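So you can see what is in the structure, the chains are spelled out below.
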Amino acid sequence: MQRYSALALIRQSINGHKGWKPQWREPEPKRSYDAIIVGGGGHGLGAAYYLARKHGMRNIAVLEKGWIGGGNTGRNTTIIRSNYLFDESAALYDHALKLWEGLSQELNYNVMFSQRGVLMVAHNVHDEQSFKRHVSANRLNGVDNEWLTPEQAKEFCPPLNIAPGMRHAVTGAALQRRAGTARHDAVAWGYARAADALGVDIIQNCEVTGIERDASGHVTGVQTTRGPIASRRIGVSAAGSTSLVMAMAGLRMPLESYPLQALVSEPVKPIFPCVVMSNTIHAYISQSDKGELVIGAGTDAYISYSQRGALHIPMHTLEAICELFPIFRRMRMMRNWGGIVDVTPDRSPILGKTPVPGLYVNCGWGTGGFKATPGSADLFAYTIARDEPHPINAPFNLERFGAGRLIDEAAAAAVAH
Amino acid sequence: MLLIPCPYCGNRPEIEFAYGGEAHVVRAADPGQVDDAGWTEFLYCRNNPRGDHAERWRHAYGCGRFFNVKRNTYTDHIEASYRIGETRP
Amino acid sequence: MTQAYRLAAGGRIDRSRTLGFSFDGKHYKGYQGDTLASALLANGVHLVGRSFKYHRPRGILSAGAEEPNALAGVGCDDAHYTPNLRATQVELYDGLKAESQNRSPSLVRDYGAVNDLLWRFFPAGFYYKTFMWPRKAWTKFFEPRIREMAGLGRSPQTPDAACYAQRFAHCDVLVIGAGPAGLAAALAAAKTGARVILCDEQAEPGGSLLAEPDAVIDGLPAADWLKAALAQLAAFPKVKVLARTIAFGYFPHNMLGLAESLTDHAGEPDDTSPRGRLWQVRAKEVVIAAGAIERPLVFPDNDRPGIMLAEAARIYAERYGVLPGRKPLVFTAHDSAYRTALALHRAGCAVAGIVDMRPAADGPYAAAARRAGLPIYLASTVSGTGGRLRVARATVVSLAGGAEQRIDCDTILMSGGFTPSVHLFSQSRGKLVFDATLDAFLPGAPAEACRVAGAGAGLQTLKEALESGAAAGAGAVGGAAVTYQVTNAPLARGGFIGVVPGHVDPTSVRAFVDYQNDVTAKDVSLALREGMRSVEHVKRFTTTGMATDQGKLSNMNALGIMSAELGKPVSAIGTTTFRMPYTPVPFGYFAGYARGELFEPERRTAIHGWAAERGAVFEDVGLWKRARYFPQGGEDMRAAVARECRAVRGGVGIFDASTLGKIEVVGPDAAEFLNRMYINAWTKLQPGRLRYGILLREDGFIIDDGVIGRVSETCFHVTTTTGGAPRVLAMMEDYLQTEFPELDVWLTSTTEQYAVIALQGPLARQVIEPLVEGADISAKAMPHMSMVECRIAGVPARLFRVSFTGELGFEINVPADYGRSVWEALMESGLAHGITPYGTETMHVLRAEKGYIIVGQETDGTVTPADVGYSGMIGKAKPDFVGKRALAREAFATQTNRKQLVGLLTADPALVLEEGAHIVADPAQPKPMTMLGHITSSYWSETLGRSIALALLRDGAARTGETLHVPLESGDARVTVVSSVFYDPEGVRLNG
């Protein structure tokens, strides 16, 4: 792999940057691989990388129907945090957060992981109870998360409106200082480049159209728009299309796919120092390195694969943003877009084996998959390589729904009483 | 914002409605007779297709009635709406 | 200052109205009808901005929405300040204050320009390759530097002073764009009597006709035809023309978003009338007549101030009477630039030459230029430009080779042809088709009821624009087609995409593709070299098309470069996705009226005013405002709550429970319906009796609870939690309509019909008794958990004997309009008994002392009836109820390792644990600790003189008596597991 560094950049600058090599090859698909990952997002590319790097596999393909990083990896608002309530979730997301902290160095690719802190704003007694429960659980789990008064919250994020007369006044906030944002495209590209260097074939414009199985039910390979490819291990990491791919193996999934919208403002000079989330009034905002305010909206009400949503959804989001940050009311929306999020009944992911031997699935991250990218990829690789889940992802199995062992982060955030 | 044809009231904007999920997910007459796998299917598993989808909507801020809509989940085009109990077109 | 570049006559500006304005503190004059850009040009100002990355000096490039360079911050003060406004769209008013951006300390001398000297080190995506060491340096050092350099304008720091409006509209035809095609469309549709909305982003409708001195339409000069057309439209009662209105988004089912600017052009702000209005228009048919945007040419140093689009230069001359320069050089691949040259020549400019990439130019405009004696360089290119803050010269060279020729000039006017504006059509999910002869994506098959007309459909003449517009407008409503007679508007052809050919070493020069983001042709090549193949990858790697103009000028040229380098036709590369908004729209438009107290409705009970008058402290519960406590004489919450608790336990308290959800369940099958919904049995409940009901989700978890009264054989009065009312009603309707349609039951929400007043305490009966008519409420006649219909204080009431405090209690349901008067009657009656109003906090404490759960506090969506010790309530004989089947699953059937409701007592009775704190067996264990559960409720119990807590604890039922630990931030707290009922476990007081 061509090493990236300041020195390399200077050297290339002198010869007109003609010496930069492709970050990944454009291979033709081979007839067979030891493992196939369906889906070239951060999770899938990362899984291929860790399979090669930690589990000694080399003959791996990532099949991407479009362009790598073009799904939710490239469409999210890049919030990274790990202050989840349940032990299982905290372990999962904190595993990811620890990998984020060294990811640029690991991949030799600056993913711009910026630990600016994520502030989750509380607006009523119920929010406070819920957030303090999070803070307490996180503290005992070794995950940083602290409770701030409204004044402390404003000090951390000066644009925040904490006027007591607000319709939903700020009553406090939970702050995870290690949390932050990263550059989403760079995550996909960084993993792709590093995986490619380890021999992984990244095959774009290659849509899986069927999953082949033998008489015992074990997978034997996939049909694709670029021909059949054999493999006895298939990992599906195709957020937004999981139900469709799994249906090819005869599996109905506990998933529904909803449009999720986000938007950015025109870029401005630094004004917003952190990430702020308000679940009660549905506002999620940070500022990108380019200066855009990056704002997450909610999901539309109905399932859809159209990668767009209705106008009233971002309108509602901007109502909340303007209420929390009235100085941004004159800022202008520059671009709005939509992704497709696969939502599970308990709002926690599914990461593990399936009833079909040789078929593994990584899905159901809902609106929060980006933050888990390195952790999820690492654990998915482990699961595929050993045909058994890592203890961290073991609870996130498909069987939990039938058994009633849900990991219900959404319910835990609960509702007003 | 979708324009949803309520079979009782006619075309109305989406904000008058509540989405009710996949249609024709039948709750067994005697749930006690359904095994765990079957009940898990009923509770959690959905077709979630890209393309034609039969789904329930309730005209929550109108007549209050539930009804079914056949909508393409890729184009958002609505092909038909029909009352609960009517067969899927 | 004089307007040195203003022509003596001509243009649509109002020369009788001189306006003063300032730019970067310097004062200038312009005229009514100017834009900030045209007024600056009139004063000879080209240098107006600095680019994003290299801080290159930049001038005004265009005359419209596509402007990437001339961005300014505008506003009289910080509360009215908007950054990043395109000077080409800002209408001039007297006193306008504008400033340039992304420069320090000034436009002329900008420290950031050091980046420009170091440009070789900052190619596309350089940041991915460096700044990785040391690890913490990215967040702490490099990132703040990069952020500071980037970012263009500055955000206001003061809350916006303006207000905004929103409106819904419906129409038969929405016509977008009031150029010739849009006007013709609106006229054709309006003639049939259709409801038409015509919108245009500019202050004045007319589009290209606003700068059209030559053409004659149906015998009228274009400007006169325009006037007549607008007059005709104004006469149709069902036609609405919206100027200054951008159609920014196209949503499913022909819903469009329009942003109408109302006051920004008018000068001194009037904050009491809306600054803008967001329209949500549902149109039966849409006609898009959005025109086309001229493309720049990508040649070395094509970004100096003074270099602008040729058509824009002509618009400045014809519409604003402003010369962009006195010695223009034209560089083109399209005939229309010859028209610009001729117009400037006629206006007195010394045209330095017309450099045409094409080997021949034989259209009527070229012929006229030749006749006018303008120097024409065919098959030639501009290989470089010079001039630091303003272009001063260009080098021109034949494409066949040969010597470079230096030509002095003060502007370079370029044209690479026109790109149809297919944004809205593409947003609607219509298919785009690449037309190789036009080098343009054109609208193909539509996905919505929508038609495209004029230049936006790739049509190139005025006649075609008018007739296609008329056809679209008529076609939308079944009207008749129209033909137009047009003279003096010949076809202009040509066009080029990609980087212009030349002979210079490409590594030594920069030819800009995306001006604002400083993306050069080399950057696009670098992206391809690094393996980026998808147009989306190239966009994201180089950031081309990601600036505030969203690629209006750059996308086609980037595609052209990709096409040439990859050897693939543009059609095989495709384009990036068009997304809303077409041009940026202020957040305030979207937020509209929703601010302050209108942000969300506030729900208040009938007794709210009484509580507010007495200084109650309120809390938000969902949309409701609930009185939390009633402080007296400077009490804090703890003191007030202690006093309120003492009053209820020792005398009588009064509580506003009106926010509880209420549903009337009526019909012959009402009991059977409730049997199927709630876990409890209802058949045998006698009329006049109450029962506490638990409602599960189908997956077995508690979703709601509440007391249900049987009013009669066929009528139940169901109560729900405050937040749960709509959810429960929707769930009931769902089951009733779709699963149990055979049941004859009606559901009606009565939450807002009843005010509910709880009277609690040993003296409650004494207070209420004198006010009751028509019922015997003695302990014998009306035991705990019964109800009667009667009159209270003369008002018809449903009186429940029920308690959420553990004391003798009543809940009085009266019509909401009488709520306050009944409350006041009770207060008066209770005066002698020391009646004390109490709030939700006291209610919480008292119910916790009794171990009563609150759904949403003791439960969190993962809790079953057995978990909270309520499995005894399940109607055992019932074959089915919602959630029953799910509870039969293994995880619940065995109840091993479940978290169960318990009480906790701290070793230190004064210590009130924090709600949400977690419980462990061994506080000394390393992290991550094994947590056994958490505190769901925790209070100071005035009754018991110590703290109490409820908790969900793993295998809690079996742990009674165990000592456990709650590690708090302040240190470890030792707790003992006890019953969840702390007070009066036998329930003696209830039956008082």
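Residues numbered from 1 in each chain as written. Chains lettered and ligands numbered in written order. Predicted model: local features only at pLDDT ≥ 70, side-chain atom pairs only at ≥ 80, totals over all residues. Heavy atoms only, no water.

Enquirer: Would you take a moment to explain the interface of chain A and chain C for this structure?
Expert: The figure often quoted for interface size is the accessible area lost as the parts come together. Contact residues are listed per partner, giving 112 residues for chain A and 131 residues for chain C. Summing both sides of the interface, chain A and chain C together bury roughly 10,700 Å²; the carbon and sulfur share of this comes to 56%. The interface formed by chain A and chain C holds 11 salt bridges in total. The partner of C:Glu914 in a salt bridge is A:Lys132, with the nearest N and O atoms 3.9 Å apart. Counting across the chain A and chain C interface gives 65 residue pairs in polar contact (both at pLDDT 80 or more). By residue number, the principal contributor to the side of chain A that touches chain C is helix 5 (residues 125–141) of chain A, which donates 10 residues. (Contact = heavy atoms within 4.5 Å. Buried area = accessible area lost by both parts, 1.4 Å probe. Salt bridge = Lys/Arg side-chain N within 4 Å of Asp/Glu carboxyl O. Polar contact = N/O pair within 3.5 Å; in protein donor to acceptor, adjacent residues only side chain to side chain. Helix = DSSP H or I, 4+ residues; strand = E, 2+ residues; numbered from the N terminus.)

Enquirer: How should the side chain of A:Lys371 be read in this particular structure?
Expert: Residues and elements named next belong to chain A. Looking at the secondary structure, you find Lys371 in the loop between strand 19 (359–363) and helix 10 (373–386). No salt bridge is formed by the buried Lys371; the nearest opposite charge belongs to Glu409, separated by 9.9 Å. Polar contacts involving the side chain of Lys371 include one to the side chain of Tyr84, which spans 3.1 Å. When neighbours within four sequence positions are excluded, Lys371 is seen to be in contact with Ile79, Ile80, Arg81, Tyr84, Tyr93, Ala96 and Trp100. (Buried < 20%, exposed > 50% of the residue type's maximum accessible area, 1.4 Å probe, protein only. Lys, Arg positive; Asp, Glu negative; His and termini not counted.)

Enquirer: How do you make sense of the sheet that holds strand 38 (residues 702–712) of chain C when you look at a structure like this?
Expert: Think of a sheet as strands paired side by side through backbone hydrogen bonds, with each pair either parallel or antiparallel. All names here are of chain C. Taken together, the 5 strands give an open sheet; going across it, the order is 37-38-39-36-40, and neighbouring strands pair in antiparallel fashion. Two strands bound the open sheet, and with one partner strand each, they are strand 37 (690–696) and strand 40 (746–749). Across the sheet, the mean angle from the axis of one strand to that of its neighbour is 25°, orientation sign disregarded. The pairing of strand 37 with strand 38 spans 7 bridges and is antiparallel. Residue Tyr692 lies in a different strand from strand 38, and its bridge partner there is Val707. Sheet strands in contact with helix 19 (residues 725–739) are strand 36 (661–666), strand 37, strand 38, strand 39 (715–720) and strand 40, and its direction is about 25° off that of strand 36. (Pairing = 2+ DSSP bridges. Axes fitted to C-alpha atoms, helices over the stretch in contact; angles between N-to-C directions.)

Enquirer: Explain the confidence of the model for chain C here, please?
Expert: Reading predicted coordinates in detail is not appropriate for stretches of low pLDDT. Averaged over all residues, the pLDDT of chain C is 96; the fraction at 70 or higher stands at 100%. We note a pTM of 0.96 for the whole complex and an ipTM of 0.98 for its interfaces. (pLDDT = per-residue confidence, 0-100.)

Enquirer: Just to check I follow, could you spell out the environment of A:Tyr109 for this structure?
Expert: In this fold, A:Tyr109 is placed in the loop between helix 4 (103–107) and strand 4 (118–122). C-alpha of A:Tyr109 to C-alpha of A:Ser5: the two residues are 104 residues apart in sequence and 9.0 Å apart in space.

Enquirer: Honestly, the UniProt feature "domain: SoxA A3" (unreviewed entry) in chain C in this entry has me stumped. Any pointers?
Expert: If you check UniProt for "domain: SoxA A3" (unreviewed entry), the listed places come out as residues 510–592 of chain C in our numbering. Here residues 510–592 of chain C runs as 46% helix and 8% strand, with 44 Å between its end C-alpha atoms. (UniProt positions renumbered as here; feature names shortened; annotations may be inferred.)

Enquirer: What is the right way to look at the pairing of strand 5 (residues 71–74) of chain C in this model?
Expert: A regular strand carries its side chains on alternate faces of the sheet. Residue and element names in this part refer to chain C. Of the two faces of strand 5, the one holding Leu71 and Gly73 and the one holding Ala72 and Val74 are both buried throughout. As defined by bridge partners, strand 5 adjoins strand 6 (residues 82–86) across 3 bridges and the pair is classed as antiparallel. Each bridged residue has a counterpart across the sheet, and for Ala72 the counterpart in strand 6 is Leu85. Relative to strand 7 (residues 96–99), strand 5 runs antiparallel, the two being bridged by 2 bridges.

Enquirer: Where do I start with the nonpolar core in this structure?
Expert: The tendency in soluble globular proteins is for nonpolar side chains to be buried side by side. A:Phe325, A:Phe328, C:Leu36, C:Phe248, C:Tyr316, C:Leu329 and C:Phe587 are the most contacted members of the largest nonpolar core, which totals 132 residues. Counting 98 residues, the second largest nonpolar core, distinct from the first, contains A:Trp24, A:Ala195, A:Phe370 and C:Ile497. (Core = buried A, V, L, I, M, F, W, Y, C linked by side-chain atoms within 4.5 Å.)

Enquirer: I tried to follow the side chain of A:Arg193 on my own but got confused; where do I start?
Expert: Tracing the chain through its elements places A:Arg193 in helix 7 (residues 184–197). The charged side chain of A:Arg193 is buried without a salt bridge, its nearest counter-charge being C:Glu530 at 6.8 Å. At 3.4 Å, the side chain of A:Arg193 forms a polar contact with the side chain of A:Tyr4. Separated by 3.3 Å, the side chain of A:Arg193 and the backbone oxygen of A:Leu107 make a polar contact. Setting aside residues no more than four positions away along its own chain, A:Arg193 makes contact with A:Met1, A:Gln2, A:Arg3, A:Tyr4, A:Gln23, A:Trp24, A:Leu107, A:Asn108 and A:Tyr109.

Enquirer: Explain helix 10 of chain A to me, please; I cannot follow it from the model alone.
Expert: Since the α-helix advances by 3.6 residues per turn, residues separated by three or four positions end up pointing in the same direction. Residue and element names in this part refer to chain A. The terminal C-alpha atoms of helix 10 lie 20 Å apart, and with 14 residues this matches the ideal 20 Å at 1.5 Å per residue to within 8%. Most of helix 10 sits out of view: 12 of its 14 residues are buried. Three or more residues of helix 10 are buried, namely Thr373, Pro374, Gly375, Ser376, Ala377, Asp378, Leu379, Phe380, Ala381, Tyr382, Thr383 and Ile384. Following helix 10 by one or two positions, Asp387 has its phi on the positive side, about 55°. (Expected span 1.5 Å × (residues − 1).)

Enquirer: Sorry if this is basic, but what is going on with the sheet that holds strand 41 (residues 754–760) of chain C here?
Expert: Residue and element names in this part refer to chain C. Pairing is mixed in the open sheet, where 7 strands are placed in the order 42-43-44-45-41-35-46. The open sheet has two free edges, formed respectively by strand 42 (772–773) and strand 46 (836–838), since each of these has just one partner strand. Here strand 41 pairs with strand 45 (residues 809–815) via 7 bridges, running antiparallel. When the sheet's bridge partners are listed, Ala755 is paired in strand 45 with Val814.

Enquirer: Which parts of the structure should I look at to understand the pattern of salt bridges?
Expert: Two side chains carrying opposite charge are able to pair once their charged atoms lie near each other. Taken as a whole and assessed by the stated rule, the structure comprises 92 salt bridges over all chains. A salt bridge links A:Lys132 to A:Glu128; the nearest nitrogen and oxygen atoms lie 3.9 Å apart. Here A:Lys132 and its partner A:Glu128 are both found in helix 5, 4 residues apart, which amounts to about one turn of the helix. Between C:Asp303 and C:Arg56 there is a salt bridge whose closest N-O contact spans 2.6 Å. Remark: C:Arg56 occurs in the loop between strand 3 (49–50) and strand 4 (57–58) and C:Asp303 occurs in the loop between strand 16 (292–294) and strand 17 (307–309); sequence separation between them is 247 residues. The structure contains a network of salt bridges with shared partners spanning C:Arg56, C:Arg58, C:Asp116, C:Asp301, C:Asp303, C:Arg304, C:Arg510 and C:Asp518.

Enquirer: Could you clarify how one ought to interpret the interface of chain C and chain B in this entry?
Expert: In this assembly, 23 residues from chain C lie in contact with 25 residues from chain B. Buried area between chain C and chain B, both sides added, is near 2,000 Å², and the carbon and sulfur share of it is 50%. Among the salt bridges present, the one from C:Asp880 reaches B:Arg27, with a minimum N-O distance of 2.8 Å. Applying the counting criterion to the chain C and chain B interface returns 14 residue pairs in polar contact (both at pLDDT 80 or more).

Enquirer: Which parts of the structure should I look at to understand helix 3 (residues 137–149) of chain C?
Expert: A rise of 1.5 Å per residue sets the reference length of helix 3 of chain C, with its 13 residues, at 18 Å; its end C-alpha atoms lie 17 Å apart and thus fit the reference within 8%. Maximal helix bending in helix 3 of chain C amounts to about 40°, located at C:Glu143; proline C:Pro144 follows within four positions. When helix 3 of chain C is considered as a whole, its buried residues turn out to be C:Ala137, C:Trp138, C:Thr139, C:Phe142, C:Glu143, C:Ile146 and C:Arg147. Looking at the packing, one finds that the buried side of helix 3 of chain C touches strand 15 (283–287) of chain A. Note on helix 3 of chain C: the residue one or two positions beyond its end, C:Gly151, has a positive phi of about 95°. (Bend = angle between axes of the 7 residues up to and from the residue.)

Enquirer: In this structure, what is going on with the packing of helix 11 (residues 521–529) of chain C against helix 13 (residues 555–566) of chain C? I would like to understand it.
Expert: A pair of packed helices can be characterised by two numbers: the angle between their axes and the separation between those axes. Residues and elements named next belong to chain C. Their axes nearest at 10 Å, the elements helix 11 and helix 13 cross at an angle of 50°. Comparing their axes, helix 13 and helix 11 come out oblique. Between helix 11 and helix 13 lies a crossing whose hand is right-handed. Within the contact between the two elements, helix 11 uses Ala521, Val524, Ser525 and Leu528 and helix 13 uses Ala558, Ile561, Met562, Glu565 and Leu566. Across the contact of helix 11 with helix 13, the residue classes break down as 7 nonpolar, 1 polar and 1 charged. (Parallel < 35°, antiparallel > 145°, perpendicular 65-115°, else oblique. Left-handed = near helix turned anticlockwise from the far one by under 90°. Nonpolar A, V, L, I, M, F, W, Y, C, P; charged D, E, K, R; others polar.)

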